[in-house]
Amino acid sequence: MNAKKIIVDCDPGIDDALALMLLLRSPEVEILGITVVCGNAPTAIGAENALKILSWMDRLDIPVYAGEERPLVRDYVDAMDTHGQDGLGESFYPPVTAVRPRENAVDFLIETLQNAKTNGEKITILTLGPLTNLARVIERCPECLGGLDECFSMGGCYQSHGNCSPVAEYNYWCDPHAAKNVFHAFATLPCLSGKQIHMVGLDVTRRIVLTPNLTEYLCRLSPRTGEKIRTITRFYNDFHWTQEGVVGCVINDPLAAAYLIDRSLCSGFFAHTTVETEGVCLGQSVVDAFGFWKAPANSYVLTKTSPLRFMEMFFQRITGAPAETLTPMLRQLMGPDAEEMEGSL
Ligand code: BDR
Ligand code: CA
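Given the structure is predicted, the values throughout are model-derived calculations rather than measurements.

Chemist: Just give me the short version of helix H7 (residues 176–188), but keep the residues and values in it.
Modeler: Between its first and last C-alpha, H7 extends 18 Å over 13 residues, near the 18 Å set by a 1.5 Å rise per residue. When we look at burial in H7, the residues that qualify are Pro-176, His-177, Ala-178, Ala-179, Val-182, Phe-183, Ala-185, Phe-186 and Ala-187. Against helix H5 (132–140), strand S5 (148–154), helix H6 (170–174), strand S6 (197–200), strand S9 (266–275) and strand S11 (299–305) lie the buried residues of H7.

What follows is the structure, encoded as structure tokens:
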């Protein structure tokens, strides 16, 4: 199999951790490096967490690079109320000592893209956190994006409400200027002409809920990994109950990873998108679904998904169990609405 070469730009983060676990068990992708940005946790903590996940999955050969430590313009606001003081649900697993994070994530991104461009190759970028690192790449070396294949971004929302304000999703709200600049680049840079950001926003990710029953099933099938997942999601579950009245937790980032691997898991529409940087709507992704602005489509905005099909993939990859075994139990645990390619629209 010709694995897709990808860089994962993330802010681990509990659901980032689950996305990395999924990707690390997916032969369709080759992870060239993990770049970390300030988001859920400060960059240094996020980089430690990326190494912890790699060590659990026996993949410390993949380099981790620490990136930007603050948003482009606005003050940094972490999400440790959601992800815990260690960014991994206050599981406080010990740091990895065998390997340490490297510096200069933005340099790594630029060099890798530049080399790909020179060698006639293409790199896919998956962003699971604020877009600060990518915005710096665009600022410093826009032409290196000639080496970009596709860009998938977990972030934003179209018709779904926000998770940081009535209208804003955390990744774009944390660094709205970066998000705006990245979307703008996809509308204006000649080397990105005809390309769109796959915007994997709350419209679809809100439907992906890891309930206590599903976690229990994971633990039964794969005790070692399942117990890690149970430990890191406990804090997240408490947050979701208090904040959103959800039993379990919404796991946003793994859906973006899964969709990168299998495009049939979600669908949406092409549109021009920008991000508000000021005022009461700060961080809102504004999707011109009706073409008012006559501006190029710089995004493919996802609105529909099948939670059941996502969970089938997630469980298969994490536990190694075959679909025939998993599907009847997942159907039972997830209920009748899980199968539909429905959005929250
Ligand atoms: C996004 O924000 C973070 O808290 C999660 O890791 C996810 O990337 C959801 O809004
Ligand atoms: Ca994230």
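Structure shown, so let's carry the discussion forward.
Chemist: So what's going on with the site of ligand 1? Which residues, and what values?
Modeler: Taken together, the residues surrounding ligand 1 are Asp-15, Asp-16, Asn-40, His-83, Leu-128, Met-154, Asn-163, Glu-169, Tyr-170, Asn-171, Asn-252 and Asp-253. Within the contact set of ligand 1, an oxygen atom lies 3.0 Å away from a side-chain nitrogen or oxygen of Asp-16. A distance of 2.9 Å separates an oxygen atom of ligand 1 from a polar atom in the backbone of Leu-128. When the free accessible area of ligand 1 is taken as 280 Å², the share hidden by the protein chains comes to 96%. A per-class count over the shell around ligand 1 returns three nonpolar, five polar and four charged.

Chemist: Tell me about the sheet that holds S6, and name the residues and values.
Modeler: Pairing between the strands of a sheet is mediated by backbone hydrogen bonds and can be parallel or antiparallel. Sheet architecture is open: nine strands sit in the order S3-S2-S1-S4-S5-S6-S11-S9-S10, paired in mixed fashion. At either margin of the open sheet sits one strand with a lone partner, and together these are strand S3 (64–66) and strand S10 (285–288). Strand-to-strand twist in this sheet, taken as the mean axis angle between neighbours without regard to direction, amounts to 30 degrees. Sheet topology places strand S1 (residues 4–10) next to strand S4 (residues 123–127); four bridges connect them, and they run parallel. Looking at the pairing, Val-8 lines up with Leu-126 of S4. With respect to the sheet, helix H1 (residues 14–24) is in contact with S1, strand S2 (29–36) and S4, its orientation differing from that of S1 by roughly 165 degrees.

Chemist: Could you give an account of a nonpolar patch on the surface, with specific residues and numbers?
Modeler: On the surface, Phe-290, Phe-292 and Trp-293 cluster together into a nonpolar patch covering about 450 Å² of accessible area. Inspection of the secondary structure assignment puts Phe-290 in the loop between S10 and S11.

Chemist: Tell me what's going on with the coordination of the calcium ion (ligand 2), and back it up with residues and numbers.
Modeler: Protein-derived coordination of the calcium ion (ligand 2) comes from Asp-11 (OD), Asp-16 (OD), Asp-16 (OD), Leu-128 (O) and Asp-253 (OD), at a distance range of 2.2 to 2.6 Å. Every donor residue of the calcium ion (ligand 2) comes from the same chain, spaced as D-x4-D-x111-L-x124-D. According to the relative accessible area criterion, Asp-11 is buried, its value standing at 0%.

Chemist: Can you tell me about the domain arrangement of the chain, naming the residues and giving the values?
Modeler: Under the domain assignment, the chain is made up of domain 1 (4–206 + 266–305) and domain 2 (209–250 + 306–339). Placing a centre on the C-alpha atoms of domain 1 and another on those of domain 2 gives a separation of 24 Å. Between domain 1 and domain 2, the residue contacts involve 25 residues of the former and 21 residues of the latter. Summing the contributions of domain 1 and of domain 2, the shared interface buries around 2200 Å²; its carbon and sulfur component is 64%. The largest per-residue losses of area from domain 1 upon contact with domain 2 belong to Leu-18, Leu-22 and Arg-25, which jointly make up 26% of the total buried on that side. In this structure, Glu-28 engages Arg-317 in a salt bridge whose closest nitrogen and oxygen atoms are separated by 2.8 Å. Remark: the boundary between domain 1 and domain 2 carries four residue pairs in polar contact (both at pLDDT 80 or more). Mapped by element, the contributors of at least two residues to the side of domain 1 that touches domain 2 are H1 and helix H3 (80–83). The leading source of residues in the side of domain 1 that touches domain 2 is H1, at six residues. Taken together, the residues of the side of domain 1 that touches domain 2 break down into 10 nonpolar, nine polar and six charged.

Chemist: Please provide a residue-by-residue account of the side chain of Thr-112, values included.
Modeler: Here Thr-112 is to be found in helix H4 (residues 105–118). Take Thr-112: its relative accessible area is 15%, and that puts it in the buried class. When sequence neighbours within four positions are dropped, the list of residues in contact with Thr-112 reads Ile-7, Leu-32 and Ile-123.

Chemist: Could you give me a rundown of the environment of Thr-231, with the residues and numbers involved?
Modeler: Following the sequence through the fold, Thr-231 ends up in helix H10 (residues 223–244). Setting aside residues up to four positions removed in sequence, Thr-231 forms contacts with Gly-89, Ser-91 and Tyr-93.

Chemist: I'd like a rundown of unusual backbone geometry, residues and numbers included.
Modeler: A cis geometry characterises the amide bond from Pro-12 onward to Gly-13, with omega recorded as -5 degrees. On the secondary structure map, Gly-13 appears in the loop between S1 and H1. Residues other than glycine seldom take positive phi values, yet Phe-92 does so here, at roughly 50 degrees. Inspection of the secondary structure puts Phe-92 in the loop between H3 and H4.

Chemist: Tell me about helix H13 (residues 323–334), and name the residues and values.
Modeler: Along H13, the residues classified as buried are Leu-326, Thr-327 and Leu-330. All buried residues of H13 lie within an arc of 100 degrees about the axis, which places them on one face of the element. Every exposed residue of H13 that faces more than 90 degrees away from the buried side is listed here: Glu-324, Pro-328 and Gln-332. Residues of H13 that are buried in the fold lie against helix H9 (212–221) and helix H12 (307–319). Phi for Gly-335, located one or two positions after H13, is positive at around 85 degrees.

What counts and how
- Residues numbered from 1 in each chain as written.
- Chains lettered and ligands numbered in written order.
- Predicted model: local features only at pLDDT ≥ 70, side-chain atom pairs only at ≥ 80, totals over all residues.
- Heavy atoms only, no water.
- Helix = DSSP H or I, 4+ residues; strand = E, 2+ residues; numbered from the N terminus.
- Expected span 1.5 Å × (residues − 1).
- Buried < 20%, exposed > 50% of the residue type's maximum accessible area, 1.4 Å probe, protein only.
- Contact = heavy atoms within 4.5 Å.
- Near = heavy atom within 4 Å.
- Polar contact = N/O pair within 3.5 Å; in protein donor to acceptor, adjacent residues only side chain to side chain.
- Areas by Shrake-Rupley, 256 points an atom, 1.4 Å probe, with all protein chains shown as cover.
- Nonpolar A, V, L, I, M, F, W, Y, C, P; charged D, E, K, R; others polar.
- Pairing = 2+ DSSP bridges.
- Axes fitted to C-alpha atoms, helices over the stretch in contact; angles between N-to-C directions.
- Patch = residues over 30% accessible without salt bridge, like charges linked within 9 Å, V, L, I, M, F, W, Y side chains within 5 Å.
- Salt bridge = Lys/Arg side-chain N within 4 Å of Asp/Glu carboxyl O.
- Donors = N, O, S within 2.8 Å, 3.2 Å for Na, K, Ca; no water.
- Domains from an automatic or database assignment.
- Buried area = accessible area lost by both parts, 1.4 Å probe.
- Arc of directions from axis to C-beta.

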